[in-house]
Amino acid sequence: MSLTDRVLVLRADSTAAVGAGHVMRLAALAESWRAAGGRVGLAGEITQRFVQDRIDGIGVEPWPLDGVGKADVLVVDTYHEPTRAQLGAEAAPRLRVLVDDVGLPVPAGYDVVWNPNPYPGKHLYPHFSGAVLEGPQHVPLRSTLPQWRRNGHDETMVSLGGGTPNPDVVDALQALSRLDHAGSFATTLARAPEGWRRIAPDAFWSEAATAARLVTAAGTTAWEAAAVGIPVVLLQTAPNQSLVYTWTRDLGVPAVNAALGDSEYLAQQIRVLLPAANPLPRLTDGSGRVVERLAALL
């Protein structure tokens, strides 16, 4: 498959308010598109250094928002419904793709909906007549993820994603650090509880791959954990993670709805579940299959 001279434009942001997940999952798609010979541009705002480094390492070009109509394929990854609607109506690429994992309405103008999470998704879009890319074979994952190899130490890694963390969850982690027999912890959080080992975001997986378990928000990091094979405890930290939370819990993986209860109660829940941490069903990178589907539709 050759995509020489085919242009993929990604519309997504990576900021403290939005989080890093939208751009990071599209980065895997960009990597596969570039491997097939195509060009990739990003129309969006990035404020996190580790995300910018990832994008730059792939060779993604900055792209003006008013130039997205020049793309062969436009991929829109945002929950902001006015932006979705505007790009469906105004942009004029050959193929328009909407990324959605929560079942929001699909505006007019889109040819494809891509649900980048492993749970079944087609039923979420009953009124959409275009192609729906769903299921574990279409989950985008970076190619450099390590395999879990516990080093014998009983350290728990904690990640709440790349955005501004939920204050209630941060308070719960502070409370967790004060509980007896909770164990040792490492985290990428800037506001790490006292006594926790602090690691840089760009060193996350090199460190986490040898931890005993991972406590993580139910976002993009959860699917990376499924590829790595590390036992996890999932936290629902935002309303848009409810489907991930339910799917994970139903599989028997320990999950905590962090929107329920005060910080002390959440800390107790997390501590009780740490010994029961379980790996998610193993995933492999599906970005190449997404590229193949989009190339065929072109």
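Residues numbered from 1 in each chain as written. Predicted model: local features only at pLDDT ≥ 70, side-chain atom pairs only at ≥ 80, totals over all residues. Heavy atoms only, no water.

The terminal C-alpha atoms of helix α1 (residues 21-35), which comprises 15 residues, lie 22 Å apart, in line with the 21 Å expected from a rise of 1.5 Å per residue. Listing the buried residues of α1 in full gives His22, Val23, Met24, Arg25, Leu26, Ala27, Ala28, Leu29, Ala30, Ser32 and Trp33. Gly37 lies just past α1 and shows a positive phi near 100°. (Helix = DSSP H or I, 4+ residues; strand = E, 2+ residues; numbered from the N terminus. Expected span 1.5 Å × (residues − 1). Buried < 20%, exposed > 50% of the residue type's maximum accessible area, 1.4 Å probe, protein only.)

Within this structure, the stated rule accounts for three aromatic pairs. With 4.9 Å between their ring centres and 70° between their planes, Phe204 and Trp205 make a pair best called edge-to-face. In terms of burial, Phe204 and Trp205 fall into one category: buried. Each ring, one from Trp223 and one from Trp247, has its centre 5.6 Å from the other, and the planes form 75°; the classification is edge-to-face. Separated by 24 residues along the polypeptide, Trp223 in helix α6 (residues 220-228) and Trp247 in helix α7 (residues 242-250) bring together distant segments of the chain. (Phe/Tyr/Trp six-rings, centres within 6.5 Å; stacked < 30°, edge-to-face > 60°.)

The subject of this paragraph is empty space enclosed by the protein. Summary: where empty space remains is shown by rolling a probe the size of a single water molecule over the atoms. Inspection of every chain in the model, using the stated rule, returns one cavity of 30 Å³ or more. If you go around the largest cavity, the residues you meet are Met24, Arg25, Ala28, Arg54, Pro140, Leu141, Arg142, Thr220 and Glu224. For the lining of the largest cavity, the secondary-structure elements that each account for two or more residues are α1 and α6. Residue contributions to the lining of the largest cavity peak at three residues, all from α1. Partitioning the lining of the largest cavity into residue classes produces four nonpolar, one polar and four charged. (1 Å grid on protein atoms, 1.4 Å probe; cavity = no way out; pocket = protein on both sides within 12 Å on 5 of 7 lines; lining within 4 Å. Points joined across faces, edges and corners; volume = space filled by probe spheres on them. Nonpolar A, V, L, I, M, F, W, Y, C, P; charged D, E, K, R; others polar.)

With that out of the way, let us pick up the sheet that holds strand β1 (residues 7-11). Spatially, seven strands are ordered β3-β2-β1-β4-β5-β6-β7 in an open sheet, and the strand pairing comes out parallel. Both edges of this open sheet fall to β3 (61-62) and β7 (131-133), since each of them pairs with a single strand only. Strand direction decides the pairing type here: strand β2 (residues 39-43) and β3, joined by two bridges, are parallel. Bridging from a neighbouring strand, Leu42 pairs with Pro62 of β3. Most of the contacts of helix α3 (residues 81-90) go to strand β5 (residues 95-99), to which it runs at about 170°, and overall it touches β1, β4 (73-76) and β5. Sheet strands in contact with helix α9 (residues 287-297) are β4, β5, β6 (112-114) and β7, and its direction is about 165° off that of β7. (Pairing = 2+ DSSP bridges. Contact = heavy atoms within 4.5 Å. Axes fitted to C-alpha atoms, helices over the stretch in contact; angles between N-to-C directions.)

So, on to the sheet that holds strand β9 (residues 184-187). Taken in spatial order, the six strands of this open sheet run β10-β9-β8-β11-β12-β13, and their pairing is parallel. Two strands bound the open sheet, and with one partner strand each, they are β10 (197-198) and β13 (255-257). Summarising the sheet, strand β8 (residues 155-159) and β9 pair through four bridges and their orientation is parallel. Note that in β9 the partner of Glu155 across the bridge is Ser184. Helix-sheet contacts for α6 involve β8, β11 (213-217) and β12 (232-236), and the interaxial angle to β11 is about 150°. The sheet strands contacting helix α8 (residues 263-273) are β11, β12 and β13, and the helix crosses β13 at an angle near 175°.

Here we take up the confidence of the model for the chain. Across the chain, the average pLDDT comes to 93, with 100% of residues at 70 or higher. Mean pLDDT across the elements of the chain bottoms out in helix α4 (residues 167-177) (90) and peaks in β6 (98). (pLDDT = per-residue confidence, 0-100.)

Further remarks concern the pairing of β9. On the question of chirality, the crossover connecting β8 to the parallel β9 by way of α4 is right-handed. Where β9 meets β10, two bridges bridge the pair, whose relative direction is parallel. Paired with Thr187 across the strands is Arg198, a residue of β10. (Right-handed = clockwise from strand over helix to strand, strands pointing away.)

Along α4, the residues that are buried comprise Val169, Val170, Ala172, Leu173, Gln174, Ala175 and Leu176. The opening residue of α4, the one whose side-chain oxygen lies 2.8 Å from the backbone nitrogen of Asp168, is Asn166. (Polar contact = N/O pair within 3.5 Å; in protein donor to acceptor, adjacent residues only side chain to side chain.)

Counting residues in each nonpolar core, the largest one holds 33 residues, and the members touching the most others are Met157, Trp205, Leu214, Ile230, Val232 and Leu234. Looking at this core, the elements that each hand over two or more residues are α5 (204-208), α6, β12 and α7. Of all the elements, α6 adds the most residues to this core, at six residues. Those residues in contact with Trp205, other than ones at most four positions away along the chain, are Arg142, Leu145, Pro146, Leu214, Thr221, Glu224, Ala225, Val228 and Ile230. Formed by 32 residues, the second largest nonpolar core is a distinct cluster that contains Leu8, Ala30, Val51 and Val60. (Core = buried A, V, L, I, M, F, W, Y, C linked by side-chain atoms within 4.5 Å.)

This paragraph deals with unusual backbone geometry. Apart from glycine, the bulk of residues carry a negative phi angle, and the bulk of peptide bonds sit in the trans form. Of note, the phi angle at Asp5 is positive, near 70°, even though the residue is not glycine. For Asp5, the location among the structural elements is in the segment before β1.

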